[in-house]
Amino acid sequence: MAKTSKPEDRAPRTKSLVLAALVGVFLLVPLLVMLLSPSYDELVRRGLVEAPSPSRENIPGRVIAFRQGVDAKGRAIPKRLSRPDVVVSEKPRDPSFCVLGIGGELVVEFPSGISNGPGTDVSVTEQSWGRDSLERAQVLVSGDGTQWVRLGLATNSTGTTTAPDTVTDFDLASVNASSVVRFVKVVDASVPKPKSLEDGFDISSVRASRLVEPLAQ
Ligand SMILES: [Ca+2]
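Cut-offs used in this document
- Residues numbered from 1 in each chain as written.
- Predicted model: local features only at pLDDT ≥ 70, side-chain atom pairs only at ≥ 80, totals over all residues.
- Helix = DSSP H or I, 4+ residues; strand = E, 2+ residues; numbered from the N terminus.
- Pairing = 2+ DSSP bridges.
- Axes fitted to C-alpha atoms, helices over the stretch in contact; angles between N-to-C directions.

A. Spotlight on unusual backbone geometry. Note the cis peptide between D94 and P95, where omega equals 0 degrees. Considering the arrangement of structural elements, one finds P95 in the loop between β1 (62-67) and β2 (98-99). A positive phi angle, close to 60 degrees, is found at K195, a residue other than glycine. Counting through the fold element by element, K195 comes out in the loop between β9 (181-188) and β10 (202-208).

Right, dumping it as structure tokens:
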């Protein structure tokens, strides 16, 4: 006669099976998600994320705001020196800088954001062609375009100078910035001699050392 187990004998075995099934599900689900999730290349192919263009990867996507100041004599800056789009241009421009004017400011956006990595993350270039007067600008960053964190001063004399450019490098690790920086604001902070010909910071570029990459899928 076949031996049958009593209901009270089956209960612990059922519990063990349920427990094993649960553990299996917890282990298998993340594994399946990882295996079935599309790779970054696949997301690019489907058009779900924008592939960084090698030629534009360090250049801002667009100018968000430009408020130009005047020169030390209170005169308007000539139009040909008032083209903020030089900082988003892939092609060389003539002139290749934009005069901010005393107290003027420029805001650019990096749509995919700038991430903090080893060393320099953001660089601002001033183009003064060896002029004597000190020109400087405050550089600020923001994740949302509203809350700003000051990175420091860019000048025409304290960065790395290769005439006509002076490049000032900034490290996002130096400030408590948003984890993803999308906006960079450059505000002229020059203190010109009264009635001089000084006209503030001559910005020629804002560069990101690395853009944010999507999280690994
Ligand atoms: Ca850094």
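Okay, back to it.
B. The arrangement of the sheet that holds β1 in detail. Read across the open sheet, the five strands follow the order β1-β3-β9-β5-β6; overall the sheet is antiparallel. Two strands bound the open sheet, and with one partner strand each, they are β1 and β6 (149-155). Recorded for the sheet is a direction-independent mean angle of 20 degrees between the axes of neighbouring strands.

C. Structural context of the sheet that holds β10. One open sheet accounts for five strands, arranged β2-β10-β4-β8-β7; its pairing is antiparallel. Of all strands in the sheet, those with a lone pairing partner are β2 and β7 (160-162), marking the two edges. Looking at chain direction, β7 and strand β8 (residues 165-170) are connected through three bridges and run antiparallel. What sits directly across from T161, in β8, is T166.

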